[in-house]
Amino acid sequence: MFSSDDLASLRSDAVSGAVEIIDQTLLPHTLRWVHLDSLEAYCHAISAMQVRGAPLIGISAAFGLAHAVAGDPSDAGIRQASERLLATRPTAVNLRWALEAMAQEILPLALDKRAGAARARAIALRQADIDNCAAIGDHGLALLRDMPRGDTLNIMTHCNAGWLATIQWGTALAPIYKARAAGLPVHVWVSETRPRNQGMNLTAWELQRAGVPCTVVADNSCGQLLRSGAVDCVIVGSDRTAANGDVCNKVGTYLKALAAADNNIPFYVALPESTIDWRCAGGGDIPIEERDPLEVLAIAGVDAAGQGLEVNLAAAGTRAANPAFDVTPARLVTGLVTEHGVYAASVEGLASLKDQLQGLA
Ligand code: MRU
């Protein structure tokens, strides 16, 4: 599974250095690869959400910076390009993490060594993301195997935390892909994820391509499903997790966590270490992206002929607000599934992960 670059959200040519991404704004109706050939194109890809999902945003930014360094390897050039990339989206901390990892690698080098080192570092970060997500899948699979269930293991997820949000595997979907490959009978409740519908447009598309049984549900039906016994566990991703275990993820995650807790259903968050913001003491410090209200007031799709169209839903002049993420307090999270293992969502749990990482260094 996933041995081919066909099932990767971003591919880079080892010889020419060319980078292509899947334009996710066109899914599920059109699968189109877009060549990124300027810093502007990278910034646009992230801000317009052609690429999205915390880990993929970070890896895209790393390649964007590598592209910029090839044109201008000076300290000032690197700083300016980093600032432009960092300004594309505010919430996913993987963006800052990747840019800092790149700068750490290239700034100490002589100017003529920087372009090659930047490209090599971006390629290494991409490969590490694949390996980390595969490891998250293994740790998550161990949890799923032990979970009480009937004939089928019913998992609820929100937004898209699959391979489209990373490079391959995904975070929340990695354990599900591994479970399917291991022969566990899984079924996924996919919450549509208004206003941009990443659940319906991306997660359902991914799961269907992989042959994983899934059912899309309106966001508002998730409380009822969680109450009715139709869900054995919830797994979501994260855009930024604070040092106390508070989890920021796509708006609507918090409501699922509340309903899961009220019904004693395990609520897991799957994330790579790069999504933990050690400088952020609690969820209240996480910047929440406020997006265009038009995303709430209109809906995009295709007509019967497959042509893209946007439909206005509200009366002219209707006001809307569009916070794109929310924070789930650590007390509602059963565990954090990382590439290093499963940790308690708490100051102590994350401190033990930090100790483990320092031991590895
Ligand atoms: O606005 P998006 O589509 O970038 O939001 C993505 C999410 O909220 C994902 O759940 C999160 O980034 C985890 S992806 C592995």
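Before reading further, recall that the structure is shown in the block above.
Here is what the cut-offs are and how they apply
Residues numbered from 1 in each chain as written. Predicted model: local features only at pLDDT ≥ 70, side-chain atom pairs only at ≥ 80, totals over all residues. Heavy atoms only, no water. Pairing = 2+ DSSP bridges. Helix = DSSP H or I, 4+ residues; strand = E, 2+ residues; numbered from the N terminus. Axes fitted to C-alpha atoms, helices over the stretch in contact; angles between N-to-C directions. Contact = heavy atoms within 4.5 Å. Phe/Tyr/Trp six-rings, centres within 6.5 Å; stacked < 30°, edge-to-face > 60°. Lys NZ or Arg CZ within 6 Å of the ring centre and 35° of its normal. Buried < 20%, exposed > 50% of the residue type's maximum accessible area, 1.4 Å probe, protein only. Lys, Arg positive; Asp, Glu negative; His and termini not counted. Salt bridge = Lys/Arg side-chain N within 4 Å of Asp/Glu carboxyl O. Parallel < 35°, antiparallel > 145°, perpendicular 65-115°, else oblique. Left-handed = near helix turned anticlockwise from the far one by under 90°. Nonpolar A, V, L, I, M, F, W, Y, C, P; charged D, E, K, R; others polar. Near = heavy atom within 4 Å. Polar contact = N/O pair within 3.5 Å; in protein donor to acceptor, adjacent residues only side chain to side chain. Areas by Shrake-Rupley, 256 points an atom, 1.4 Å probe, with all protein chains shown as cover.

What follows covers the sheet that holds strand β2 (residues 19–22). Spatial ordering of the open sheet is given by β1-β2-β3, a layout of three strands whose pairing is antiparallel. The two strands at the open ends of the sheet, each matched to only one other strand, are β1 (10–12) and β3 (33–36). Here the average twist between neighbouring strands, direction ignored, is 25 degrees. In this structure, β1 lies alongside β2, joined through three bridges in antiparallel fashion. Across the sheet, residue Leu-10 finds its bridge partner in β2, namely Ile-21.

Okay, the environment of Cys-248 next. Note that Cys-248 resides in strand β9 (residues 247–250). Along the sequence, Cys-248 and Gly-349 sit 101 residues apart, while their C-alpha atoms lie 17 Å from each other. Filtering out sequence-adjacent residues up to four positions away, Cys-248 remains in contact with Thr-91, Ser-238, Asp-239, Arg-240, Ile-286, Ile-288, Phe-325, Asp-326 and Val-327.

On inspection of all chains with the given rule, the structure shows one aromatic pair. Seen from the ring of Trp-33, Arg-11 lies directly overhead, with NZ or CZ sitting 3.6 Å from the centre. We note Lys-250 situated over the ring of Phe-325; from NZ or CZ to the ring centre the distance is 4.2 Å.

Relative to the helices and strands, Leu-360 is located in helix α11 (residues 347–360). When its relative accessible area of 61% is taken as the criterion, Leu-360 is described as exposed. Taking C-alpha positions, Leu-360 is 40 Å from Leu-31, a pair spaced 329 residues apart along the chain.

Another point: the side chain of Lys-250. In this fold, Lys-250 is placed in strand β9. Buried within the structure, Lys-250 lacks any salt-bridge partner; its nearest side chain of opposite charge belongs to Glu-289, at an N-O separation of 5.8 Å. Beyond its immediate chain neighbours, meaning those up to four positions away, Lys-250 contacts His-158, Cys-159, Thr-193, Gln-198, Asp-239, Ala-324, Phe-325 and Asp-326.

Moving on: the packing of helix α4 (residues 94–106) against helix α5 (residues 111–145). It is at 9 Å that the axes of α4 and α5 come closest, and there the two elements cross at 140 degrees. Accordingly, the angle class assigned to the pair α4 and α5 is oblique. Crossing angle aside, the handedness with which α4 passes α5 is right-handed. Within the contact between the two elements, α4 uses Trp-97, Ala-98, Ala-101, Met-102, Glu-105 and Ile-106 and α5 uses Arg-114, Ala-117, Ala-118, Arg-121, Ala-122 and Leu-125.

Orientation of α5 relative to helix α6 (residues 174–181), taken along the N-to-C sense of each, is 65 degrees, at an axis distance of 7 Å. When the interaxial angle is binned, α5 and α6 end up roughly perpendicular. Here the hand of the crossing between α5 and α6 comes out right-handed. Between α5 and α6, the contacting residues are Cys-133, Ala-134, Ile-136, Gly-137, Asp-138, Gly-140, Leu-141 and Leu-144 on the first element and Ala-174, Pro-175, Ile-176, Lys-178 and Ala-179 on the second. Of the residues belonging to the contact of α5 with α6, the class tally is nine nonpolar, two polar and two charged.

Let's shift gears to the sheet that holds strand β10 (residues 267–270). With mixed pairing, the seven strands of this open sheet are ordered in space as β6-β5-β4-β7-β10-β15-β16. Looking at the sheet topology across the chains shown, the edges are occupied by β6 (214–217) and β16 (341–343). Within this sheet the neighbouring strands show an average axis-to-axis angle of 25 degrees, counted without direction. Two elements, strand β15 (residues 335–338) and β16, share three bridges in a ladder whose sense is antiparallel. When the bridges of β16 are listed, Leu-336 appears paired with Tyr-343. Running at roughly 140 degrees to β15, α5 makes contact with β4 (153–158), β7 (233–236), β10, β15 and β16 of the sheet.

The environment of the ligand is formed by 19 residues, the closest being Ala-54, Arg-89, Asp-239, Asn-249 and Lys-250. Between Arg-89 and the ligand, the recorded distance is 2.8 Å, taken from a side-chain N or O atom to an oxygen atom. Between the ligand and Gln-198 there is a distance of 2.9 Å, counted from an oxygen atom to a side-chain nitrogen or oxygen. Surface burial for the ligand is 100%, taken as the share of its 420 Å² of free accessible area covered by protein chains. Secondary-structure elements contributing two or more residues to the shell around the ligand are α2 (54–71) and β9. Classifying every residue of the shell around the ligand by side-chain character gives seven nonpolar, eight polar and four charged.

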